[in-house]
Structures are given as structure tokens and as C-alpha cells.
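Letter by letter, the chains look like this.
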Amino acid sequence: MVLAGEDASDRQSLRVLLEASCPEMRGRTVEINDPVRLRLATGRRLAERVAALARMARARALRENAELACVFIHEDDAVGDSASYPETQGRVQAALGAVFNSAHYVLTVTEAEAWLLLFPEAITAFSPSWTVPAARRNRDTGRFQDPKKIMKNEVASAAQRYRESMTPDIFRKAAELGLLEAPLGSNSSWHRFRESISECCAEHLPGRGRRRP
Ligand SMILES: [Zn+2]
């Protein structure tokens, strides 16, 4: 299993969320450190970037003496434009499908913080001085204009500021508290991601039953 994303914090969050829901991935997951930039690429440029990613993923698997079972690739859809999301998701997923046996493109609307805001209880458990205000609870967090700013200005306190590097630990807290199955509110990219994990865990890992002929 290979993970790729925009930065170390994104990849770590991805790993926490994957391993919490699919323990079979533990100890079998490696990361590619090069930042992923597929979201805005089209045509030949997209194909070239996907090919480069595939070379890195295969080289990484070879180095681990492992079979490349599947890849998870994460990017933030910074625009947060629900109109362009399906097109972007579909275009990149198709480009990945042309090169990898199995791959999951995880496009977050709009940032990882939009997913964090689905777990107010975990946020407060992580930092007791932090509270998600009522107006930000139980909403479609994919519609928040600037979730990072919400975390910084509305949730975090003067006693402890929010930093992006904290994201994996907050997700870890949500996993420990058993909240990943019960997000408060909705977010279409979160639900899609959860479906990808289930599919991957059931069908793409070696030693698991494959439904394909
Ligand atoms: Zn998979």
C-alpha cells in the first residue's frame, strides 16, 4: 500500500484514517514524499504526472520487497467549488485507473480541516480549551468557505493555537473515541473516502478475497 499527498501532515492523516478503519493496512503502508499535483493537470500533462507517480510507487514497493497492492493519493480541492469537484475527481481517477491496477484519488473539499470539523468531540478531547461553536456543528462541512480559518479563529483558543501539523493527532483522537463511524454533519468527500477504504480493505489487499473474475 502506497500513500501520496501534498505534505507530510496530509499523508500522516491519511495513514491514521486508513489504519484505524482497516487494521490489515498496518505495517504494510509506505509513503511517497514528493508532493502530488494532479488536481489542475489535464491531458498529456496529467498522464505524465500519473506515470511519474506510478514509477515512484513501484520503485518504493520494490525497495520494500512488496507487491504494490494499491495507492491512496490525497489532494485538497482548494477551490471548494462543488460544480467542478465531480469533474476533477473523475478525470484524475480515470488517469490513475489507466496506470494502476487499483488506486484511490481522495479529493478533499476543501481542506483536511473540513473533515476535522465533523468531529467536535475529538477536537475538544485533543485540546480541552477548544470548542466547535454551535453554528459550525452538524453542518455540511464541505460548504464552509475556509475551514482552516474556522479552526484557527473560531475553534482554537489563545491558550493553544491550531496548527496544521496537529491534524493527524486530532484524527487519531477521533479514531480512539470511535467517532469515525459517526461524523457529526456531512461532507461528500468524507463519505466517498470512507467508501474507498471499505472497497480497498475488502478487495485490493493481497490475501483478501477478490471479486474480479
Ligand atoms: Zn485499494
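Throughout, residues of each chain are indexed from 1 in the direction in which the sequence is written. Totals for whole chains, interfaces and linings use all residues, but because this is a predicted model, local features are given only for residues with pLDDT of at least 70 and pairs of side-chain atoms are given and counted only at 80 or more.

## Looking at the sheet that holds strand β1 (residues 2-4)
Short version of the rule: Note on pairing: DSSP must find at least two bridges between two strands before they are called paired. Where helices and strands are cited, they refer to DSSP runs of H or I of at least four residues and of E of at least two residues respectively, numbered from the N terminus. Inter-axis angles, ranging from 0 to 180 degrees, are taken between N-to-C directions of lines fitted to C-alpha atoms, where helices are fitted over the stretch in contact.
In space, the four strands of this open sheet follow the order β2-β1-β3-β4, with parallel pairing throughout. Each edge of the open sheet carries a strand with a single partner, namely β2 (30-32) and β4 (103-109). Sheet twist, expressed as the mean angle between neighbouring strand axes with direction ignored, is 25°. As paired strands, β1 and β2 are joined by three bridges and run parallel to one another. Within β2, the residue paired with A4 across the bridge is I32.

## Points about the packing of helix α1 (residues 8-21) against helix α7 (residues 167-176)
Pairs of packed helices are described in terms of their axes, by the angle between the two and the distance that separates them. Operational definition: Any angle between 65 and 115 degrees counts as roughly perpendicular, while under 35 counts as roughly parallel, over 145 as roughly antiparallel, and the rest as oblique. Residues are treated as contacting if the C-beta atoms built from their backbones sit within 7 Å of each other. Each residue gets one of three labels, nonpolar for Ala, Val, Leu, Ile, Met, Phe, Trp, Tyr, Cys and Pro, charged for Asp, Glu, Lys and Arg, and polar for the others, Gly among them.
Axis separation between α1 and α7 bottoms out at 8 Å; the angle between their running directions is 10°. Comparing the axis directions of α1 and α7 gives the class roughly parallel. Here S9, Q12, S13, V16, L17 and A20 of α1 come into contact with α7, specifically with T167, P168, F171, R172 and A175. By residue class, the composition of the contact of α1 with α7 is six nonpolar, four polar and one charged.

## Description of the nonpolar core
Worth spelling out the cut-off: By definition, a nonpolar core groups buried Ala, Val, Leu, Ile, Met, Phe, Trp, Tyr and Cys residues that connect through C-beta atoms lying within 7 Å of each other. Three exposure classes are used, all based on how many other C-beta atoms lie within 10 Å of a residue's own C-beta (placed from the backbone): buried at 20 or more, exposed at 12 or fewer, and partly exposed between those limits. All domain edges in this entry derive from an automatic or database-based domain assignment.
Counting residues in each nonpolar core, the largest one holds 52 residues, and the members touching the most others are V71, I73, L116 and I123. Here this core takes five residues from β4, the largest share from any one element. Residue assignment places this core across two domains, with domain 1 (2-108 + 184-203) and domain 2 (114-166) each supplying three or more. What I123 contacts, discounting residues up to four positions off in sequence, is L116, W130, V132, V155 and I170.

## Thoughts on the pairing of strand β3 (residues 71-77)
The element β3 is extensively covered by neighbouring structure, given that seven of its seven residues are classed as buried. A two-sided burial pattern is seen for β3, the buried positions comprising V71, I73, E75 and D77 on one face and F72, H74 and D76 on the other. The pairing of β1 with β3 spans three bridges and is classified as parallel. The residue bridging L3 from the neighbouring strand is F72, located in β3. Across seven bridges, the pairing between β3 and β4 is parallel. Of the residues in β4, the one forming a bridge with I73 is Y105.

## Quick look at the domain arrangement of the protein
Domain annotation of the protein identifies domain 1 (2-108 + 184-203) and domain 2 (114-166). Residue-level contacts link nine residues of domain 1 with 13 residues of domain 2. Sort the elements by how many residues they give to the side of domain 1 that touches domain 2 and helix α8 (residues 188-203) lands first, with three residues. Taken together, the residues of the side of domain 1 that touches domain 2 sort by class into two nonpolar, seven polar and no charged.

## Looking at the pairing of β4
When you tally the buried positions in β4, you get seven out of seven residues, the bulk of the element. Burial of the side chains of β4 extends over both faces: A103, Y105, L107 and V109 are buried on one face and H104, V106 and T108 on the other.

## Considering the confidence of the model for the protein
Basically, it comes down to this: Scored from 0 to 100, pLDDT records how confident the predictor is in each individual residue.
Scored by pLDDT, the protein has a mean of 91; 95% of the residues are at 70 or more. Throughout residues 209-213 the model reports pLDDT below 50, and contacts reaching past four residues in sequence, or to other chains, amount to two contacts.

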